[in-house]
There are 2 protein chains.
Amino acid sequence: MKAAPHFSDKTANSNSLRLAIAGLGTVGCGVIKLLQEQASSLTDRTGKQLVVTAVSARDRTKDRQIDLSSFRWYDNPVELASDETIDCVLELIGGAEGPARDLVEASLKAGKAVITANKALIALHGKELAQLSKTHNAPLYYEASVAGAIPAVKIVREGLAGDIIKTIGGILNGTCNYILTTMEETGQSFEAVLKEAQEKGFAEAEPSTDIDGWDTAHKLAILANIAFKPLQFDSLTVEGIRSITASDLGFARKLGYKVKLLGMARQHQDGSIEAWVRPCLVPEKAKLAQVDNVFNALTWEGNYSGPMTISGRGAGEGPTASAVLADIIDYAQGMRLPLWGRIVEQEETAARSVASLKSAFYVRLLVDDTPGVMADISAVLRDQGISVHLIAQHEFKLEQVYLTVITHPVANSHITDAAARLRELNSVHGAPLIVTIESLC
Amino acid sequence: MKAAPHFSDKTANSNSLRLAIAGLGTVGCGVIKLLQEQASSLTDRTGKQLVVTAVSARDRTKDRQIDLSSFRWYDNPVELASDETIDCVLELIGGAEGPARDLVEASLKAGKAVITANKALIALHGKELAQLSKTHNAPLYYEASVAGAIPAVKIVREGLAGDIIKTIGGILNGTCNYILTTMEETGQSFEAVLKEAQEKGFAEAEPSTDIDGWDTAHKLAILANIAFKPLQFDSLTVEGIRSITASDLGFARKLGYKVKLLGMARQHQDGSIEAWVRPCLVPEKAKLAQVDNVFNALTWEGNYSGPMTISGRGAGEGPTASAVLADIIDYAQGMRLPLWGRIVEQEETAARSVASLKSAFYVRLLVDDTPGVMADISAVLRDQGISVHLIAQHEFKLEQVYLTVITHPVANSHITDAAARLRELNSVHGAPLIVTIESLC
């Protein structure tokens, strides 16, 4: 049995692994249920008994439909870190700061293994956590933090480890994908569908983390850190789906596209990394275009392995709990990897600005329905060096129409400059909407 | 660092891992190239130097476009097993018997780690190899044996380890998928497309392993052994694509289906496992229906994780070499798992017979174009208790037409009995073609 150089193991000779669970929401309770249901199968796999010995949550009295009486209860989750009878702490509280961060840091410092589903924590504090993990010989697992049931971290950190990844990303937020799918299918407004999603429990009461792209950005940053090198999180360009209308979804469909909130990262020839989250037009034949509702999908291309796409459930009790279980099993089977998969770490770098990135664009404008408008708009685009693939007019109301433009590939900065110029035209109402056309791998 | 109980490690303290490669075809040469190109990245990942020290192939003089002068040459691959300076043997010869099997067995007996891309070997001799691996503390890796670049073994053995898998399978043979796709797109016959595929190098000169379903069966057996429990390989039902005509592909398309060679395995409530390879009609909206040409895809459904599908390149130098590299890295990082992922092994069992499995079926018959034929056929189906969803007639030639029938779900044995009865009718020419309709997960 080989040791990865920077981990030692205190539990190698024990036949029982003692787990503590902090956070008893749907995922935490799902993990307890799954551990109980699968107990004998897990022992068959690992040769060990996996036993929950302690739990922590805010409210001890809440009815969670599971019997907690055999677990030690902690009101303060951080105290789990100093309980000598615990081998591995499962942090299922959430949030990049506060008790989640305190618990993970304290547990690693105490030399305990940590398993977390906390994407914000890993994306924002990965650098410090990688260092703590290394210094204290304490492995940190985070499969459940990216794309729910899809074994995204394992695929990228292990399955693709022998290849040179060129591009990676995908549909990483089920709430946004559900909203976009429903808007397209029903023609309802963003606001109406969001409200419905909140009522159904598919969206949070405070939806900004999801719909403004931050949740996707956390997951994308984690994937890019593994696939390429550690990125400064605040260097990512992040844009959500609030500006997309049901009309845009209809126009895009007529043009052969679907609209998806994508997080994508690419390594360029000069070693720089692009990494951004934004709504994109995706060709309707693309694999990602066929991933709808709450489903997530990850796509990538390797120099040797070629293109691959995986789709599955990105959230929810069962999918997330099964990812946490996979981490528990990896831990029990002796898998010990550095946080980003490399023993020799690289410095954090900034993602390159999107301004210089070239792609085709979809531009949607509300304009007066008068002669000469198309000529004015075409002139602005020409003056910015933007070559037009297609302009289409769509009825709106008596004296105004929507214009949609598909450009040939052009630098992002040119299209934003052009949008500013277009906005100044008297015949153009409001800000033009600019959406990247992403041809994927 | 935890040791999985039944492996010890001789190389834990070495900073260099010495690899031997047996078989210098496209994959073997691809692995050498990738190891050289990625040398510094691999050392960053693993903290170790991964060095090829010895090679073996049939013909030493063949020009392989790579410099072999720094490697020790062995005419007899089995001698690699007794070379004390080798830590890990890569078996890339192929074949379930002969030198490949001899080398893998001898290497395991010598306590060496083994990495193989040999699906036939693992599928047919997995039981013995698992035992040798355990007895001699010698890990055996086989990621490249299933679905090329797709990290199928890793996903199932590790990523889904915490879940209860209900169904797993997919499109596991690129040659068959290429042939079916091309037949559908061009309307050419099976024979013509096979010949063209052979000329392009997409099919072997002796194509039976691919087109009669055996290659798919090897991969399916491996997946089922990991996902459920070890199966007796000869209990699988295996049928290839020779009987599918371009007309069938056209008829299926009109009915909203595509034809794919699938290998699928399912666990039933009573614990029995169905596992079969056969051409199937797949709904055109299904994810697998959109996987064409040489691409492979794997789909599964877990009790907790839900449905997932992954597609990618299933063969070729780059995809297969990248999978071998992932195994080398797992080995270097200290990953040691039992062959099927369970320390407590289960007995080999037989897959259940397909006779009792229920599904809808596609039946295609060549019949006389005379009054009463449809009534005769309907009567036979009725007498066998087969409920018909749809019968369609397709022009063929002056006095004969094709009939296609889509049934409601019925046991396989009923449909084969009905086919035998139909064949006896004077108005039916030749054997009816029976194809399962697979609604997937």
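Note that the structure is predicted; figures quoted are calculated from it, not measured. Sequence positions are assigned chain by chain, starting from 1 and proceeding in written order. Chains carry letters from A onward and ligands carry numbers from 1 onward, assigned in written order. Note on the predicted model: pLDDT of at least 70 is required for a residue's local features to be given, and 80 or more for side-chain atom pairs to be given and counted; whole-chain, interface and lining totals, by contrast, use all residues. To obtain the side-chain values, all non-hydrogen atoms of the structure were included, while hydrogens and water were left out.

(A) Structural context of the overall build of chain A. The helix count covers DSSP runs of H or I at least four residues long, the strand count covers runs of E at least two residues long, and both are numbered beginning at the N terminus. In terms of regular secondary structure, chain A is built from 13 helices and 17 strands. When we talk radius of gyration, it's over C-alpha atoms, and the globule rule is simply 2.2 Å times the number of residues to the 0.38. The globule rule puts the C-alpha radius of gyration for 441 residues at 22 Å, and the 24 Å found for chain A is close to it. Seen through its principal axes, chain A has C-alpha atoms that stretch 80 × 50 × 35 Å. Every one of the 441 residues in chain A was classed for burial, and the buried ones make up 62%. Partitioning the intrachain contacts of chain A with sequence separation of at least 6 by distance along the chain shows that 74% fall at a separation of at least 24. Using a 1.4 Å probe, accessible areas were evaluated by the Shrake-Rupley method; residue-level cover was limited to the displayed protein chains. Total accessible area on chain A is roughly 16,300 Å²; 48% of this is exposed by carbon and sulfur atoms. Whether a residue is buried, partly exposed or exposed follows from its accessible area with a 1.4 Å probe, protein chains only, as a fraction of its type maximum: under 20%, in between, or over 50%, in that order. Every residue pair with non-hydrogen atoms within 4.5 Å of one another is taken to be in contact.

(B) Structural detail: the interface of chain B and chain A. Contacts between the two partners involve 63 residues from chain B and, on the opposite side, 63 residues from chain A. For the pair chain B and chain A, the summed buried area comes to about 5,600 Å², and 56% of that belongs to carbon and sulfur atoms. One side-chain nitrogen of Lys or Arg within 4 Å of one carboxyl oxygen of Asp or Glu is enough to make a salt bridge. At the junction of chain B and chain A, the tally comes to two salt bridges. Among the ionic pairs, Glu-158 of chain A bridges to Lys-154 of chain B, the shortest N-O distance being 2.6 Å. Side-chain atoms alone can form a polar contact between residues adjacent in sequence; in general such a contact is a pair of N or O atoms within 3.5 Å, and within protein one must be able to donate a hydrogen while the other accepts it. For the interface between chain B and chain A, the tally reads 20 residue pairs in polar contact (both at pLDDT 80 or more). Looking at which element gives the most residues to the side of chain B that touches chain A, the answer is helix H11 (residues 317-332) of chain B, with nine residues. In the sheet, strand E12 (residues 306-313) of chain A pairs with strand E12 (residues 306-313) of chain B via three bridges, with the strands oriented antiparallel. Bridge assignment links Thr-309 of chain A to a residue of E12 of chain B, and that residue is Ser-311 of chain B. Buried area is understood as the total, over both parts, of accessible area removed when two parts are fitted together, assessed with a 1.4 Å probe. Here, strands pair whenever DSSP counts at least two bridges between them.

(C) Highlighting the sheet that holds strand E2 (residues 49-56) of chain A. All names here are of chain A. Spatial ordering of the open sheet is given by E3-E2-E1-E4-E5-E6, a layout of six strands whose pairing is parallel. The open sheet has two free edges, formed respectively by strand E3 (72-74) and strand E6 (140-141), since each of these has just one partner strand. Pairing of E2 with E3 involves three bridges; the strand directions are parallel. Along E3, the bridge assignment pairs Val-55 with Trp-73.

(D) Representation of empty space enclosed by the protein in the model. Site definitions follow a grid-based scheme: protein atoms alone, a 1 Å grid, a 1.4 Å probe that fits but cannot get out for cavities, and for pockets an open set with protein on both sides within 12 Å along at least five of seven lines, plus lining residues having an atom within 4 Å of a point. Grid points are joined across faces, edges and corners, and a volume is the space filled by probe spheres set on the points. Inspection of every chain in the model, using the stated rule, returns five cavities of 30 Å³ or more. Reported here for the largest cavity is a volume of approximately 110 Å³. Together, Lys-287, Gln-290, Val-291, Thr-309 and Ser-311 of chain A together with Lys-287, Gln-290, Val-291, Thr-309, Ile-310 and Ser-311 of chain B line the largest cavity. Contributions of two or more residues to the lining of the largest cavity are made by E12 of chain A together with E12 of chain B. The element contributing the most residues to the lining of the largest cavity is E12 of chain B, with three residues. In terms of residue class, the lining of the largest cavity is made up of three nonpolar, six polar and two charged. Residues are grouped as follows: Ala, Val, Leu, Ile, Met, Phe, Trp, Tyr, Cys and Pro are nonpolar; Asp, Glu, Lys and Arg are charged; all remaining types, including Gly, are polar.

(E) Inspection of the nonpolar core at higher detail. By size, the foremost hydrophobic cluster in this structure holds 150 residues, and its most contacted members are Ile-179 and Ile-310 of chain A together with Ile-179 and Ile-310 of chain B. Apart from residues lying up to four places away in sequence, Ile-179 of chain B is in contact with Phe-190, Val-193, Leu-194, Ala-197, Ile-211 and Ile-241 of chain B. The set of buried Ala, Val, Leu, Ile, Met, Phe, Trp, Tyr and Cys residues whose side-chain atoms join them within 4.5 Å is what this entry labels a nonpolar core.

(F) Local environment of the UniProt feature "binding site: NADP(+)" (unreviewed entry) in chain A. All names here are of chain A. Cross-referencing UniProt, the feature "binding site: NADP(+)" (unreviewed entry) maps to Ala-22, Gly-23, Leu-24, Gly-25, Thr-26, Val-27, Gly-28 and Cys-29 in the present numbering. Mapped onto the elements, Gly-23 comes out in the loop between strand E1 (16-22) and helix H1 (26-37). For Gly-23, the contacting residues outside a window of four places in its chain are Gly-28, Ser-56, Leu-92 and Ile-93. By the element assignment, Val-27 lies in helix H1. Residue classification places Val-27 among the buried positions, given a relative accessible area of 18%. UniProt positions are given in the numbering used here, feature names are shortened, and annotations may be inferred rather than shown by experiment.

(G) Looking closely at helix H13 (residues 412-424) of chain B. All names here are of chain B. Compared with an ideal rise of 1.5 Å per residue, which puts 13 residues at 18 Å, H13 spans 19 Å between its outermost C-alpha atoms and is within 8% of the ideal. Residues of H13 that are buried include every one of Asn-412, Ile-415, Ala-418, Ala-419 and Leu-422, and no others. For H13, the angular spread of the buried residues around the axis is 120 degrees, confining them to a single face. Buried residues along H13 sit in contact with strand E10 (273-283), strand E13 (358-368), helix H12 (373-383), strand E15 (400-407), strand E16 (410-411) and strand E17 (428-437). Take the number of residues in a helix, subtract one, and multiply by 1.5 Å to get its expected span. In this context, the arc is that of the directions from the helix axis out to the C-beta atoms.

(H) Spotlight on the packing of helix H6 (residues 174-186) of chain B against helix H7 (residues 190-200) of chain B. Residues and elements named next belong to chain B. In contact at an axis separation of 9 Å, H6 and H7 are set at 125 degrees when each is read in the N-to-C sense. With respect to their mutual orientation, H6 and H7 come out oblique. Of the two possible hands of crossing, H6 and H7 adopt the one that is right-handed. Residue-level contacts link Tyr-178, Ile-179, Thr-182 and Met-183 of H6 to Phe-190, Val-193, Leu-194, Glu-196, Ala-197 and Lys-200 of H7. Among the residues making up the contact of H6 with H7, the classes are represented as seven nonpolar, one polar and two charged. Angles run from 0 to 180 degrees between N-to-C directions of axes, and those axes are lines fitted to C-alpha atoms, restricted for helices to the stretch in contact. Each angle receives one of four descriptions, namely roughly parallel if under 35 degrees, roughly antiparallel if over 145, roughly perpendicular if within 65 to 115, and oblique otherwise. Take the far helix as your reference; a near helix turned counterclockwise from it by less than a right angle gives a left-handed crossing, and one turned clockwise gives a right-handed crossing.

(I) A look at the packing of aromatic side chains. All names here are of chain A. Pairing of aromatic rings covers Phe, Tyr and the six-membered ring of Trp, with a centre-to-centre limit of 6.5 Å; geometry is then stacked below 30 degrees between planes, edge-to-face above 60, and tilted otherwise. Applying the stated rule across the entire model yields twelve aromatic pairs over all chains. These aromatic residues form a ring-pair network of at least three members: Phe-251, Phe-396 and Tyr-402. Just above the ring of Trp-276 sits the side chain of Arg-278; from NZ or CZ to the centre is 4.1 Å. Counting as a charge over the ring demands two things of the Lys NZ or Arg CZ atom: a distance within 6 Å of the ring centre and an angle within 35 degrees of the ring normal.

(J) A look at the environment of Leu-440 of chain A. All names here are of chain A. Looking at where Leu-440 falls in the secondary structure, it is placed in the segment after strand E17 (428-437). A residue is classified by how much of its surface remains accessible, and Leu-440, at 12% relative accessible area, is buried. Not counting chain neighbours up to four residues away, the residues in contact with Leu-440 comprise Leu-262, Met-264, Arg-266, Val-282, Ala-286, Leu-288 and Thr-299.

(K) Geometry of the side chain of Glu-91 of chain A. Residues and elements named next belong to chain A. Position of Glu-91 among the secondary structure elements: in strand E4 (residues 88-91). The charged side chain of Glu-91 is buried without a salt bridge, its nearest counter-charge being Lys-119 at 10 Å. Here the side chain of Glu-91 touches Asn-118 through a polar contact of 3.2 Å, side chain to side chain. Residues contacting Glu-91, with those up to four places away along its chain left out, are Ala-22, Ala-100, Leu-103, Val-104, Ile-115, Thr-116, Ala-117, Asn-118 and Leu-121. His residues and chain termini do not enter the charge count, which takes Lys and Arg as positive and Asp and Glu as negative.

(L) Local environment of the confidence of the model for chain A. With 97% of its residues at a pLDDT of at least 70, chain A reaches an overall mean of 94. Per-residue pLDDT stays below 50 along residues 1-12 of chain A; that stretch engages in 57 contacts with residues further than four places along the chain or on separate chains. A residue's pLDDT is the confidence the predictor assigns to it, expressed on a 0 to 100 scale.

(M) Local environment of the pairing of strand E7 (residues 165-171) of chain B. Residues and elements named next belong to chain B. With six of its seven residues buried, E7 lies for the most part within the structure. Bridge analysis of E7 against strand E11 (residues 295-302) gives six bridges, and the strand direction is antiparallel. Note that in E11 the partner of Gly-170 across the bridge is Leu-298. Inspection of the sheet shows E7 paired to strand E9 (residues 257-267) by four bridges, in the antiparallel sense. Bridge pairing links Gly-170 to Gly-263 in E9.

(N) Local environment of the environment of Gly-306 of chain A. Residues and elements named next belong to chain A. Checked against the element boundaries, Gly-306 lands in strand E12. In this structure the C-alpha to C-alpha distance between Gly-306 and Lys-166, which are 140 residues apart in sequence, comes to 9.4 Å. Leaving out residues up to four positions away in the same chain, Gly-306 has contacts with Trp-300 and Glu-301.

(O) Spotlight on the UniProt feature "binding site: NADPH" (unreviewed entry) in chain A. All names here are of chain A. In this numbering, the UniProt entry assigns the feature "binding site: NADPH" (unreviewed entry) to Lys-119. In this structure, Lys-119 sits in helix H4 (residues 119-135). Aside from chain neighbours lying at most four places away, what touches Lys-119 is Ser-145, Asp-215, His-218, Lys-219 and Ile-222.

(P) Local environment of the relation of the copies chain B and chain A. Overlaying chain B with chain A gives an RMSD of 0.0 Å, the required rotation being 180 degrees about an axis along which the chain moves by 0.0 Å. Each copy turns onto its partner about a two-fold axis. Among all residues of chain B, the minimum C-alpha distance to the rotation axis is found for Ile-310 of chain B, at 2.0 Å. A share of 100% of interface residues in chain B that are also interface residues in chain A marks the association as one of identical surfaces. Copies are brought into register by a least-squares superposition over C-alpha atoms of residues with pLDDT of at least 70 in both.

(Q) Just the environment of Trp-276 of chain A, in detail. Residues and elements named next belong to chain A. Residue placement: Trp-276 occurs in strand E10 (residues 273-283). Owing to a relative accessible area of 1%, Trp-276 belongs among the buried residues under this scheme. Taking the C-alpha atoms as reference points, Trp-276 and Ala-265, eleven residues apart in sequence, are found 6.6 Å from one another. For Trp-276, the contacting residues outside a window of four places in its chain are Leu-220, Thr-237, Leu-262, Gly-263, Met-264, Arg-266, Val-354, Leu-357 and Glu-438. Within the structure, the side chain of Trp-276 is placed 2.8 Å from the side chain of Glu-274, a separation counted as a polar contact.

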